[in-house]
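# Architecture at a glance
Next come the chains, spelled out residue by residue.
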Amino acid sequence: MNHSFETRSPNNEIQEFTSKFYGFQLEAYHSLYFERRLDRFKARNGITKTQELIDLILNNPSIASIFKNEFHISYTKLFREPTFFIPLLQFIKQKIETEGTIRIWHAGCAQGHEAYSLAILLEEHNLLEKCKIYATDVNTSALRSAAKGIIDIGEVKCGVKDYMLAGGQGHIIHHFHLNDNNAILKERILSKIKFAQHELGRNPPFQKFDLIICRNVLIYYKQSYQIFLLKTLLDSLHPTGYLGLSNCESPGQFEKEYGLKKTDISHNIYQF
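The structure displayed is predicted, hence computed values, not measured ones. (Residues numbered from 1 in each chain as written. Predicted model: local features only at pLDDT ≥ 70, side-chain atom pairs only at ≥ 80, totals over all residues. Heavy atoms only, no water.)

### So, the overall build of the protein chain
Of the regular secondary structure elements, the protein chain holds 12 helices and 10 strands. With the C-alpha coordinates of the protein chain rotated into their principal frame, the extents come out at 60 × 50 × 30 Å. Counting only residues that meet the buried cut, the protein chain has 48% of its 272 residues in that class. At a minimum sequence separation of 6, the contacts of the protein chain that also span at least 24 residues come to 75%. With the model as given, the accessible surface of the protein chain reaches about 13200 Å², and the carbon-plus-sulfur share is 50%. Mean positive and mean negative side-chain charge positions of the protein chain (32 and 29 charges, respectively) differ by 2 Å. (Helix = DSSP H or I, 4+ residues; strand = E, 2+ residues; numbered from the N terminus. Buried < 20%, exposed > 50% of the residue type's maximum accessible area, 1.4 Å probe, protein only. Contact = heavy atoms within 4.5 Å. Areas by Shrake-Rupley, 256 points an atom, 1.4 Å probe, with all protein chains shown as cover. Lys, Arg positive; Asp, Glu negative; His and termini not counted. Charge placed at Lys NZ, Arg CZ, Asp CG, Glu CD.)

Here it is as structure tokens:
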């Protein structure tokens, strides 16, 4: 089949084609990120021309799904930016003391390691039973992996230092069942995290949250789409709720518009 997009760039051709036939929203990604991931996919599949890629995707629906997943942010790590968790634990403790429970949303959770990290700390501080934790991502493959609680044992061992910096009070290994190659998060912790498919910016939020953590997601999108996603996140927060972003992200224009207050000088954590 021949589909011509003669007046547009090759990247726009791909974006418009996948949007028309599969409903993908690839045009929202930052151009440099999109180009890098597109080149990686083409190289891996021996593709040099745009029309070759279009024909491959059109004639192989399973390839279309793989192609879409190429753009999903999959990098994840236990206790990433470890000191980020310390002020979160304090806020969660205060919220539970005043209201009894707290609702937490990890938006764009990838394979769930950040959600594991917080849940481990909450368990150690005797707070986990009072928390309702939701972890969502658009990538169903990543979510299936996250729901199993399986991590390479090397990552757990390498995460000991970050675990301690994040406020860990015991031994990280005690929270996992170990075998030769993998570590499996213990059921008492894993069962407290509800994993669900959700496309941020496309699917509506399913409730209001006291704490939303969305780190290293916005940076992959164009500024106009970042603004759209930020509004979605902020509209999902309860009054007095907290939003945690990475140190390379900020609420921009919404800081003044929503009256946000930065609660920690070292991290991008904001309160209504």
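### Description of the sheet that holds strand β6 (residues 193-197)
Read from one edge of the open sheet, seven strands run β6-β2-β1-β7-β8-β10-β9, paired in mixed fashion. Each edge of the open sheet is held by one strand with a lone partner, namely β6 and β9 (261-262). In this structure, β9 lies alongside strand β10 (residues 269-271), joined through two bridges in antiparallel fashion. Counted as the bridge partner of Lys262 is Tyr270 from β10. The strands touched by helix α5 (residues 85-99) within the sheet are β1 (102-107), β2 (131-137), β7 (209-213), β8 (237-244) and β10, with β7 carrying the most contacts at an inclination of about 170 degrees. Helix α6 (residues 113-124) contacts β1, β2, β6 and β7 of the sheet and is inclined by roughly 155 degrees relative to β1. (Pairing = 2+ DSSP bridges. Axes fitted to C-alpha atoms, helices over the stretch in contact; angles between N-to-C directions.)

### Some points on the nonpolar core
Counting 42 residues, the largest nonpolar core has Phe79, Ile92, Ile104, Tyr116, Leu122, Phe176 and Phe195 as the members making the most contacts within it. Sorting elements by how many residues they give to this core places α6 first, with seven residues. With 40 residues, the next largest nonpolar core counts Ile14, Ile63, Tyr134 and Phe254 among its residues. (Core = buried A, V, L, I, M, F, W, Y, C linked by side-chain atoms within 4.5 Å.)

### Side note on the sheet that holds strand β4 (residues 176-178)
The three strands lie next to each other as β3-β5-β4, forming an open sheet whose pairing is antiparallel. Bordering the open sheet on either side are β3 (150-152) and β4, each of which pairs with just one other strand. Going across the sheet, the axis of each strand differs from the next one's by a mean of 30 degrees, ignoring polarity. Here β3 runs beside strand β5 (residues 182-185); their pairing, made up of three bridges, is antiparallel. Residue pairing across strands places Ile151 opposite Ala183, the latter belonging to β5. Lying on the sheet, α6 is in contact with β3, β4 and β5; it crosses β3 at an angle near 100 degrees.

### Quick notes on the packing of aromatic side chains
Evaluation of the coordinates by the stated rule reveals 18 aromatic pairs. Ring geometry for Phe91 against Tyr242: centres 3.8 Å apart, planes inclined by 40 degrees, an arrangement best described as tilted. On the criterion of sequence distance, the pair formed by Phe91 in helix α5 and Tyr242 in strand β8 is long-range, its members being 151 residues apart. Three or more aromatic residues link up through ring pairs in this structure, and these residues are Tyr29, Tyr33, Phe34, Phe41, Phe67, Phe71, Tyr220, Tyr221, Tyr225 and Phe228. (Phe/Tyr/Trp six-rings, centres within 6.5 Å; stacked < 30°, edge-to-face > 60°.)

### Side note on the pattern of salt bridges
For the structure shown, the criterion picks out 12 salt bridges. Here Glu81 and Arg215 are joined by a salt bridge, their closest N and O atoms 3.1 Å apart. With Glu81 in the loop between α4 (61-69) and α5 and Arg215 in the loop between β7 and α11 (223-234), this pair connects stretches of sequence that are 134 residues apart. Taken together, the salt bridges that share partners define one network made up of Arg37, Arg40, Arg44 and Glu70. (Salt bridge = Lys/Arg side-chain N within 4 Å of Asp/Glu carboxyl O.)

### Overview of the packing of helix α3 (residues 50-59) against α4
What describes two packed helices is the angle between their axes and the distance between those same axes. Interaxial distance between α3 and α4 falls to 5 Å at its minimum, and their mutual angle equals 115 degrees. Contacts from Leu53, Leu56, Ile57 and Asn59 of α3 reach α4 at Pro61, Ile63, Ala64 and Phe67. Considered class by class, the residues forming the contact of α3 with α4 number seven nonpolar, one polar and no charged. (Nonpolar A, V, L, I, M, F, W, Y, C, P; charged D, E, K, R; others polar.)

### Details of the environment of Gly168
By the secondary structure assignment, Gly168 is in the loop between α9 (160-165) and β4. The class of Gly168 is buried, set by a relative accessible area of 12%. Taking the C-alpha atoms as reference points, Gly168 and Leu121, separated by 47 residues in sequence, lie 6.2 Å from one another. Apart from the residues within four sequence positions on either side, Gly168 is in contact with Leu121, Glu124 and Tyr163.

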